[in-house]
Each structure stands twice: as structure tokens, then as C-alpha cells.
Amino acid sequence: MHDASYRSLRETDAVHVWRGRAPDHDDPAAFAVLSAEERAAAARRPAPIGAHYAHAHVAVRRILAGYLGADPRELRLGRRPCPRCPDRTHGRPRVVLPRTGLDFNLSRSGAHWLLAVTAERPVGVDLEVARPHADLWLTTPAFMSPAELRHLTDLPDEAARVASYYRAWTRKEAVVKAVGVGVVADLATVEVAPHLPGPVPVRHTESLGPRWWLVHDLPLGPGTYGALAREPESSGPVLLVDPAAAAFTAAPVPSGVSG
């Protein structure tokens with residue numbers, strides 16, 4: 001448990017971003033807090049991916065329970081319907097019980113995970129650990145707009161292109177996860193201005209929810225990229241939480257940084 005509360009989160013209008021690295025091994029004692037559905041989902045995945053999935057979801061339950069003063073085993077988690085269909089398998093996640101305005105979003109990349117938590121506002125987060133560069137350029141035409149592609153090809157060197165690729169990808173994913181449409185979205189239509197430092201306003205029109213999102217780049221260290229999308233009306237800080245600290249410790253995400 002931690003000493004941050006839902007009340008303080010709501011009063012400050014903040015977004016707390018937690019990060020961690022999941023072990024490669026199973027831990028039956030820790031996994032006991034998971035629901036039967038979560039344990040089954042972990043079991044369907046090969047090792048060590050199943051362990052990564054399970055440990056990340058244990059962390060989600062423990063962190064959310066800390067805000068709510070609840071037992072992590074008693075949280076009932078579900079999903080909101082996708083804005084484009086009634087399917088509840090890919091909408092935004094939510095806490096079903098206890099009833100709360102807490103909102104959260106999880107992203108995983110390999111053993112690494114990010115969890116964004118806020119109160120009474122939708123939020124989306126994306127995390128990517130860099131992979132071999134040759135794989136990147138096969139996917140760019142599928143998710144970048146023509147203007148974004150021109151920016152990418154005009155960059156002077158490979159390092160700049162890699163950084164711009166991940167900046168664009170994580171920003172787009174954070175937005176569509178905040179909206180709740182996920183992989184069904186056409187990412188090439190989501191313009192995220194990778195040539196500009198964050199935070200940047202991004203338009204994404206759906207039948208429900210905001211038409212604009214404010215996207216922050218998250219400074220996560222070399223080879224790790226992240227972005228957070230939230231409503232532009234949000235006035236509170238975006239705080240990176242140190243999960244290793246003895247008490248709740250968080251540092252603000254500065255403006256004008258690139259993930």
C-alpha cells in the first residue's frame with residue numbers, strides 16, 4: 001500500500017504515473033490477488049510473458065487499492081464499451097467495484113510497465129522499449145501521416161529518426177487508449193506533431209469523449225519512451241512516482257521534453 005489517496009488525487013487534479021519492471025518468474029503468493037480471469041490470461045501466455053503480465057496486474061491492483069483504501073483482492077476491474085461498438089474487450093479499463101471516479105490506464109513493453117492514475121477524467125498512457133531499428137521502418141507508412149513521414153525522412157541521422165518514430169508512436173497510442181478505441185483506430189489520421197516537444201494538443205474525434213487531448217512525453221531514460229494523454233482542461237501536474245521510495249514520492253514531468 002502507499003499513502004496517496006483518491007481524495008488528494010481529485011483535489012489536485014493530478015495524474016500519477018507509476019513505473020516498474022516485472023520479474024521473469026511466477027510468484028503464486030503475489031498472484032493470489034489476481035482475479036480468475038487475470039490468472040487465466042497469464043497462463044495462456046508463454047514464459048516469461050505470462051509472468052510479466054501477472055506481475056504487472058498485481059502491481060495495478062495494489063496501487064489502485066492504495067488510493068481507495070481497499071483490499072487489492074476485492075477490486076473488481078472491467079472495461080467501458082468501445083466508443084465505436086458495444087464490445088467490452090477493448091474499451092478503457094475501469095474500477096467496477098468499489099464505485100469510484102478513479103481512472104487508470106496500463107501499458108506494458110516486455111518486462112516494463114507504466115500505470116497512469118487520475119480522478120474523474122479519462123487518461124491514456126503508452127510505453128515502448130526500443131527494439132532493433134531495422135524493424136521500425138517497415139511499419140511507419142501504416143501509422144504515420146504524410147506530414148509525419150516527411151518530417152521523419154528529413155531528419156539528419158538515424159538517432160533522430162528513431163527518437164521521432166517512438167515519439168510519434170507513443171503519442172498516438174496514448175491518445176487512442178485514452179479514447180478507448182485501441183487497435184481499431186487508424187493511427188495515420190491521428191496527427192501528433194513529432195517535430196514539436198511536448199506537451200502537444202492532438203485532435204481525435206469520436207462520438208463520445210473529448211475532441212482534443214493534451215499529450216505529454218514522459219522522460220523515462222535511454223531506450224525507453226512513453227507518452228500520456230489527458231483532457232486539455234486538466235490543470236494539475238503530471239507526476240512520475242518512485243515506487244521504490246519508502247513513502248509516496250513523485251516528481252513533476254517538465255514541459256518541453258521529448259520522450
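Refer to the structure printed above.
Residues numbered from 1 in each chain as written. Predicted model: local features only at pLDDT ≥ 70, side-chain atom pairs only at ≥ 80, totals over all residues. Heavy atoms only, no water.

Draft legend 1. Quick look at the sheet that holds strand β8 (residues 212-219). Judged by pairing direction, the sheet is antiparallel, and its four strands sit side by side in the order β6-β9-β8-β7 without closing on themselves. Of all the strands in the sheet, just β6 (123-129) and β7 (200-203) have a single pairing partner and so form its edges. Across the sheet, the mean angle from the axis of one strand to that of its neighbour is 25°, orientation sign disregarded. Relative to strand β9 (residues 224-230), β8 is paired through six bridges, and the arrangement is antiparallel. Residue pairing for β9: L218 is matched across the bridge by G226. (Pairing = 2+ DSSP bridges. Helix = DSSP H or I, 4+ residues; strand = E, 2+ residues; numbered from the N terminus. Axes fitted to C-alpha atoms, helices over the stretch in contact; angles between N-to-C directions.)

Draft legend 2. Inspection of the packing of aromatic side chains at higher detail. Here the structure, examined in full by the defined rule, presents seven aromatic pairs. With a centroid separation of 5.2 Å and an interplanar angle of 80°, the aromatic rings of Y165 and Y166 are classed as edge-to-face. Y165 gets classed as buried once you look at its relative accessible area, which sits at 1%. Measuring from ring centre to ring centre gives 4.6 Å for Y166 and Y225, while their planes differ by 10°; the resulting arrangement is stacked. Taken together, the residues span a long stretch of sequence, with Y166 in helix α8 (residues 158-179) and Y225 in strand β9 at a distance of 59 residues. Like Y166, the residue Y225 is buried in the burial classification. The ring of Y53 has R45 sitting right over it, with the charged end atom 4.2 Å from the ring centre. (Phe/Tyr/Trp six-rings, centres within 6.5 Å; stacked < 30°, edge-to-face > 60°. Buried < 20%, exposed > 50% of the residue type's maximum accessible area, 1.4 Å probe, protein only. Lys NZ or Arg CZ within 6 Å of the ring centre and 35° of its normal.)

Draft legend 3. The sheet that holds strand β10 (residues 238-241), seen in detail. One open sheet holds the five strands; their spatial order is β4-β5-β1-β10-β11, and the pairing between them is mixed. Here the strands that pair on one side only, and so sit at the sheet edges, are β4 (102-109) and β11 (250-252). The sheet shows a mean angle of 25° between the axes of neighbouring strands, taken without regard to direction. The pairing of strand β1 (residues 15-21) with strand β5 (residues 112-119) spans six bridges and is classified as antiparallel. Looking at β5, one finds that V17 is bridged to A116. Sitting on the sheet, helix α4 (residues 49-68) touches β1, β4 and β5, and the angle it makes with β4 is about 160°. (Contact = heavy atoms within 4.5 Å.)

Draft legend 4. Geometry of the side chain of S164. Mapped onto the elements, S164 comes out in helix α8. The residues touching S164, leaving out its near neighbours within four places in the chain, are M144, H151, L152, L155 and P194.

Draft legend 5. Seen up close, α8. Spanning 22 residues, α8 covers 32 Å between terminal C-alpha atoms, matching the ideal 32 Å at 1.5 Å per step. With 17 of its 22 residues buried, α8 lies for the most part within the structure. Once α8 ends, the next one or two residues include G180, with phi positive near 105°. (Expected span 1.5 Å × (residues − 1).)

Draft legend 6. Expanded view of the pairing of β6. Most of β6 sits out of view: six of its seven residues are buried. As defined by bridge partners, β6 adjoins β9 across seven bridges and the pair is classed as antiparallel. Considered in β9, the bridge of E128 is made with Y225.

Draft legend 7. Up close: unusual backbone geometry. Each neighbour pair has its own omega, and for L97 with P98 the value is 0°, a cis peptide bond. Within the secondary structure, P98 sits in the loop between β3 (93-97) and β4. For the peptide bond that leads from G198 to P199, omega is 0°, which places it in the cis range. Along the polypeptide, P199 turns up in the loop between α8 and β7. For D13, which is not a glycine, the phi torsion comes out positive at approximately 55°.

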